[in-house]
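Geometric and topological summary
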Amino acid sequence: MLAAALFLSPRLARAEESLDASRVGGLVVPRLPAPFLLPELMHPRLDVQMDWFVGRLSPESSSRSAAVAAIARPSIEATILAPRRLYVGATYPFASALPPDGGLAPGEAGQPSGRRTILGNVEGHIRAVFPLPTRLEIGFILAVVAPTSAFNRADRPNRSAVDAVSSLDPTNYVHFLPDRVGLRPAGDLRIVRGRFVFQGRHGIDILIDNEGIDRAKVAGRLLGHVGFLARPDLELSVEASQIYFFTSDDKVMGEPSAERAFAEKYRVSDARRSAFTIGPALRLSFRDVDAGVALVTNLGDPLSPAAAGFIGLRISLVGHVGSP
C-alpha cells in the first residue's frame with residue numbers, strides 16, 4: 001500500500017497541491033509536508049497531531065540490560081483571528097520507560113526498579129507567522145508549560161525514567177519535569193528554494209520550580225530541518241535537535257550515601273550540559289492527513305547519564321480538519 005501511495009498519479013499530486021495552496025497578503029503559500037520536530041509554519045485548517053516515539057537505550061553499565069522508552073504526544077493547533085498568521089495550540093504528552101540504571105546509584109546493590117509510567121506537563125502556545133517574498137517565512141512563539149505532572153520527584157527510579165524518555169526528545173525535557181513551570185519563547189525561520197526546504201528554531205526555556213526547592217534554570221534549544229521534495233507531497237529530510245543548559249547545578253555535598261551519589265550523577269554538570277540528536281525522516285502528505293516515519297539517535301552523550309546511547313523510531317500523523 002505504501003508503494004502504491006508513493007507512486008500515485010502526478011495529476012492527483014498537482015490537484016492536492018492546488019487545493020491546499022492559497023494566497024496570504026498577495027503571496028502564494030503552498031502546503032508542504034509537515035516537519036517532525038517543528039510545526040508547519042502556515043496551515044489553513046485545524047491540525048490534530050499524534051506522535052509516537054519508541055527507543056532502545058544502551059545502559060552505561062555493562063551489567064544492565066537494554067532499556068526501552070516510549071512517548072505518546074497528542075497536540076492540536078488552529079489559526080485564529082488573521083487566517084494563517086496567528087495560531088494557538090496545546091499538547092499533553094505521556095510516557096513509559098524502564099530506568100536504565102534501575103534507579104540505583106553507581107555501585108549500589110539492590111533490586112532494580114521496574115517500568116515507570118509518566119503523565120507529562122500540559123503546554124499551551126500562541127504563535128505568529130510573517131510570510132515574506134521569495135518563499136521566506138519567519139515566526140515567533142511563546143509557550144507556557146503548566147506543572148500538571150504529579151509523580152514523586154524524590155523517587156530515584158522516576159528521575160531515571162524521566163531522563164531516559166527525554167533522551168529521545170531532549171528539547172522537550174520540560175514536558176516531563178514534575179512541579180516545573182516553563183516559559184518557552186522561540187523564533188522560527190523557513191526558507192524554500194526549489195525542491196530544498198530549510199526550517200529552524202532557536203528557543204529559550206526558563207524552568208521555574210513550582211515548589212521553590214531548586215533555583216530557576218535556563219536552557220537553550222536549537223532545532224533544524226533540511227528537506228528535499230522528491231514530489232510536492234513527498235519529502236525526504238534530516239532533522240537535528242540540541243538542548244544546552246547555560247549553567248551547571250551545584251555540586252552535591254554531604255556525607256557519602258547512595259542518595260548523594262545518585263544526585264551527583266544526575267545533576268547538570270559542566271561535563272554534561274548538552275544533548276544532541278539527529279536522524280533521517282520521510283513524510284507523505286495528502287489532502288487531509290500527513291503521515292511520516294523518522295529515525296533518531298544521539299551524537300555525543302544522551303541526556304540520560306545512565307545511558308551510553310540510544311536509537312529510536314518516531315511515527316507521526318497529522319490530520320487536517322475542516323475546509324481549506
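Nothing here was measured: the structure is a model prediction, and the numbers come from that model. (Residues numbered from 1 in each chain as written. Predicted model: local features only at pLDDT ≥ 70, side-chain atom pairs only at ≥ 80, totals over all residues. Heavy atoms only, no water.)

Here we look at the overall build of the chain
Per the secondary structure count, the chain includes four helices and 16 strands. When the 324 residues of the chain are sorted by exposure, 47% land in the buried category. Accessible surface computed for the chain: about 14600 Å², of which carbon and sulfur atoms make up 66%. (Helix = DSSP H or I, 4+ residues; strand = E, 2+ residues; numbered from the N terminus. Buried < 20%, exposed > 50% of the residue type's maximum accessible area, 1.4 Å probe, protein only. Areas by Shrake-Rupley, 256 points an atom, 1.4 Å probe, with all protein chains shown as cover.)

Notes on unusual backbone geometry
A negative phi holds for most residues other than glycine; trans holds for most peptide bonds. Here Asp 179, not a glycine, exhibits a phi torsion of approximately 60°, which is positive. Residue position: Asp 179 is located in the loop between helix H3 (156-168) and strand S10 (180-193). Judged by its relative accessible area of 14%, Asp 179 falls in the buried class.

Structural notes on the side chain of Arg 314
Tracing the sequence through the fold places Arg 314 in strand S16 (residues 307-321). Excluding residues that lie within four positions of it along the chain, Arg 314 makes contacts with Phe 36, Leu 37, Gln 49, Asp 51, Trp 52, Phe 53, Gly 292, Val 293 and Ala 294. (Contact = heavy atoms within 4.5 Å.)

Some points on H3
When you tally the buried positions in H3, you get twelve out of 13 residues, the bulk of the element. Listed in full, the buried residues belonging to H3 are Arg 156, Pro 157, Asn 158, Ser 160, Ala 161, Val 162, Asp 163, Ala 164, Val 165, Ser 166, Ser 167 and Leu 168.

Considerations on empty space enclosed by the protein
For the structure on display, the rule yields six cavities of 30 Å³ or more. There is about 630 Å³ of room inside the largest cavity. Every residue lining the largest cavity is counted, 33 residues in all, and those nearest its centre are Leu 37, Leu 38, Pro 39, Ser 75 and Arg 201. Looking at the lining of the largest cavity, the elements with two or more residues in it are strand S3 (46-59), strand S4 (67-79), strand S5 (86-91), strand S8 (122-132), strand S9 (136-146), S10, strand S12 (217-231) and S16. (1 Å grid on protein atoms, 1.4 Å probe; cavity = no way out; pocket = protein on both sides within 12 Å on 5 of 7 lines; lining within 4 Å. Points joined across faces, edges and corners; volume = space filled by probe spheres on them.)

Overview of the confidence of the model for the chain
Averaged over every residue, the pLDDT of the chain is 87; residues scoring 70 or more account for 89%. The element-level mean pLDDT for the chain is lowest in helix H2 (residues 10-20), coming to 39, with strand S13 (residues 234-245) highest at 97. Contacts of residues 1-19 to residues separated by more than four positions or lying in other chains number 17 contacts, the stretch itself having pLDDT below 50. Low pLDDT, under 50, characterises residues 22-29; the predicted model gives this stretch 19 contacts beyond four residues in sequence or across chains. (pLDDT = per-residue confidence, 0-100.)

Quick look at the packing of aromatic side chains
Aromatic ring pairs are reported here in terms of the distance separating the ring centres and the angle at which the planes meet. Summed over the entire model, instances satisfying the criterion amount to five aromatic pairs. Their ring planes at 25° and their centres at 4.4 Å tell us that Phe 262 and Tyr 266 sit as a pair that is stacked. Placement of the pair is Phe 262 and Tyr 266 together in helix H4 (residues 258-266), with a separation of four residues, close to one helical turn. A cation over a ring is seen here: Arg 156 above Phe 262, with NZ or CZ 5.6 Å from the ring centre. The ring of Phe 36 is capped by Arg 283, whose NZ or CZ atom sits 4.3 Å from the centre of that ring. (Phe/Tyr/Trp six-rings, centres within 6.5 Å; stacked < 30°, edge-to-face > 60°. Lys NZ or Arg CZ within 6 Å of the ring centre and 35° of its normal.)

Looking at the packing of H3 against H4
In a pair of packed helices, the angle between the axes and the distance between the axes together describe the arrangement. Look at H3 against H4: their axes get within 11 Å of each other, and the N-to-C directions meet at 15°. Viewed along their axes, H3 and H4 adopt a mutual orientation that is roughly parallel. Between H3 and H4 the crossing geometry is left-handed. In this structure, H3 uses Arg 156, Arg 159, Ser 160 and Asp 163 to contact H4, whose residues at the interface are Ala 258, Glu 259, Phe 262 and Tyr 266. Of the residues contributing to the contact of H3 with H4, the split by class is three nonpolar, one polar and four charged. (Axes fitted to C-alpha atoms, helices over the stretch in contact; angles between N-to-C directions. Parallel < 35°, antiparallel > 145°, perpendicular 65-115°, else oblique. Left-handed = near helix turned anticlockwise from the far one by under 90°. Nonpolar A, V, L, I, M, F, W, Y, C, P; charged D, E, K, R; others polar.)

Focus on the layout of surface pockets
In this structure, the largest pocket spans a volume of roughly 780 Å³. Taken together, 28 residues make up the lining of the largest pocket; nearest its centre are Arg 153, Arg 159, Arg 180, Asp 214 and Lys 217. Taken together, the elements giving at least two residues each to the lining of the largest pocket come down to H3, strand S11 (196-209) and H4. Of the residues belonging to the lining of the largest pocket, the class tally is 14 nonpolar, one polar and 13 charged. Put simply, the second largest pocket is a space of about 210 Å³. Lining the second largest pocket we find 14 residues, and of these Ser 61, Arg 64, Asp 101, Ala 105 and Pro 106 sit closest to its centre. Looking at the lining of the second largest pocket, its residues break down into six nonpolar, three polar and five charged.

Here we look at the pattern of salt bridges
Taken as a whole and judged by the stated rule, the model has 25 salt bridges. In this structure, the salt-bridge partner of Glu 77 is Arg 127, at a minimum N-O distance of 2.7 Å. Taken together, the residues Glu 77 in strand S4 and Arg 127 in strand S8 connect sequence positions 50 residues apart. Across the pair Glu 137 and Arg 190 runs a salt bridge, and its minimum N-O distance is 2.8 Å. One end of the pair, Glu 137, is in strand S9; the other, Arg 190, is in strand S10, and 53 residues separate them in sequence. (Salt bridge = Lys/Arg side-chain N within 4 Å of Asp/Glu carboxyl O.)

A short note on the environment of Pro 305
Positionally, Pro 305 belongs in the loop between strand S15 (289-299) and S16. For Pro 305, a relative accessible area of 6% translates into the label buried. Pro 305 sits 141 residues away from Ala 164 along the chain, and the two C-alpha atoms are 8.7 Å apart. Look past the residues within four positions of Pro 305 in its chain and what remains in contact with it is Glu 60, Asp 163, Lys 265, Tyr 266 and Arg 272.

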